[in-house]
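Okay, here's what each chain looks like letter by letter:
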Amino acid sequence: MIFFYYRTKMNRRTFGKALAVMMGAVAFCPEALAAQKDITLDVYIDKIKGDALSASYYKKDHGVFKPIFDKVVDFYSEYFSMGINYRQGKVDEKLIKKNQIAFQYTTLNSLLNEPRKMIYSFGGKELIDELESEIQRAIKEQNWTYKQAESEIFGYMNRVLKQAVSGEGGFGSRIVNRAWMFPSKTHNEKAESAEELINAYAFVAVHEIGHALGLDHPKGQGFYSEFGQNNFMNPKQRFRDVLDFNLTFHHKQAENIRERLDLK
Ligand SMILES: [Zn+2]
């Protein structure tokens, strides 16, 4: 800075002004700010017919998703800084990294339209390979064409996935650094205020983002759960805790994430 001052022969006042402008440029450049965060979330909200949450995103200030992600950022801020990019259109897969998660609000059915992608997110190359050998086996045993065998097996996998994921809640994958959240009938019915609805969706979001950041469900069930009943990675919560967003984040979980993201 001093060097710059002498070289350009600015007087003190001009220099001061230039410095203020430069600082302002840094402070108001969202990309520069996002780059400094421990974790960045790229948020994509699908337009879902008849879904009020999805519609609200396209009205003003990202609708109900703004308070939901304020809550998410606040929750993670116990251990991490987090930046949110509210995006439009299709998920930009080129942006995805271990510390830059793509978060998508969509329906399970639309995910199942691309079964290979979904299966890969679920079980990685290992599961895809297993699937391929299942297809080959079916071709031999049933005398099917590849196409027939593929569609039979995808159909079966889709039914299994639908049961496992239930169409509500969400899904997070450390393999592809992505998280998904689905519209929830249960949340929409059980929440008795806007605040409770925001809390319920924010719970799903922090949980699925946790998976995308490499966290598993804690060992043990309920009260005996390793990090306590209301730890955010416990899939079975008391509904009251979800509606109140009464959730805990254990420092061991934070350490796991730090390690994965090579922080410090
Ligand atoms: Zn889970």
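Structure shown above.
Residues numbered from 1 in each chain as written. Predicted model: local features only at pLDDT ≥ 70, side-chain atom pairs only at ≥ 80, totals over all residues.

Participant: Would you mind showing me how to read the nonpolar core here?
Facilitator: A general feature of soluble globular proteins is that nonpolar side chains tend to end up buried together. Counting 50 residues, the largest nonpolar core has I68, V72, Y201, A205, V206 and I209 as its most contacted members. Of all the elements, helix α10 (residues 194–212) adds the most residues to this core, at eleven residues. With residues near it in sequence (within four places) discarded, I209 still touches V72, I101, F103, G172 and A179. (Core = buried A, V, L, I, M, F, W, Y, C linked by C-beta atoms within 7 Å. Buried ≥ 20, exposed ≤ 12 C-beta atoms within 10 Å, placed from the backbone. Helix = DSSP H or I, 4+ residues; strand = E, 2+ residues; numbered from the N terminus. Contact = placed C-beta atoms within 7 Å.)

Participant: In this structure, what is going on with the environment of I139? I would like to understand it.
Facilitator: Inspection of the secondary structure puts I139 in helix α7 (residues 115–142). The sequence separation of I139 and E150 amounts to eleven residues, and the corresponding C-alpha distance is 9.1 Å. Setting aside anything within four residues of it in sequence, one finds I139 in contact with W144, Y146 and A149.

Participant: Could you clarify how one ought to interpret the pairing of strand β3 (residues 100–105) in this entry?
Facilitator: Working note: regular strand, side chains alternate between the two faces of the sheet. β3 sits mainly inside the fold: five of its six residues count as buried. Taken together, the six bridges between strand β1 (residues 39–45) and β3 define a ladder with parallel strand orientation. Looking across to β3, one finds that L41 is bridged to I101. For β3 and strand β5 (residues 178–181), the ladder comprises four bridges, and the chain directions are parallel. Note that in β5 the partner of F103 across the bridge is A179. (Pairing = 2+ DSSP bridges.)

Participant: Sorry if this is basic, but what is going on with the sheet that holds β3 here?
Facilitator: Either a parallel or an antiparallel arrangement is found when strands of a sheet pair, and the pairing is made through backbone hydrogen bonds. With respect to topology, five strands assemble into an open sheet ordered β2-β1-β3-β5-β4, the strand pairing being mixed. Each edge of the open sheet is held by one strand with a lone partner, namely β2 (82–87) and β4 (170–173). Averaged over neighbouring strand pairs, the angle between their axes works out to 15° when direction is ignored. Pairing geometry for β4 and β5, over four bridges, is antiparallel. Residue pairing for β5: S173 is matched across the bridge by R178. (Axes fitted to C-alpha atoms, helices over the stretch in contact; angles between N-to-C directions.)

Participant: Looking at this model, I keep getting lost on the environment of P183. Mind explaining?
Facilitator: In this fold, P183 is placed in the loop between β5 and α9 (185–190). P183 gets classed as buried once you count the C-beta atoms within 10 Å, which come to 20. Distance in space between the C-alpha atoms of P183 and G169 is 7.4 Å, their sequence separation being 14 residues. Once you skip the residues sitting within four places of it in the chain, P183 turns out to touch I48, D51, L53 and T107.

Participant: How should the packing of helix α5 (residues 65–76) against α10 be read in this particular structure?
Facilitator: Axis angle and axis distance: for two packed helices, these are the angle between their axes and the distance between the axes, and together they describe the pair. Where α5 meets α10, the axes come as close as 9 Å, and the angle between the chain directions of the two elements is 50°. One way to sum up the angle between α5 and α10 is to call them oblique. Crossing hand, α5 versus α10: right-handed. Residue-level inspection shows P67, I68, K71, V72 and F75 of α5 in contact with α10, the latter providing I198, Y201, A202, A205, V206 and I209. Among the residues forming the contact of α5 with α10, the class breakdown is ten nonpolar, no polar and one charged. (Parallel < 35°, antiparallel > 145°, perpendicular 65-115°, else oblique. Left-handed = near helix turned anticlockwise from the far one by under 90°. Nonpolar A, V, L, I, M, F, W, Y, C, P; charged D, E, K, R; others polar.)

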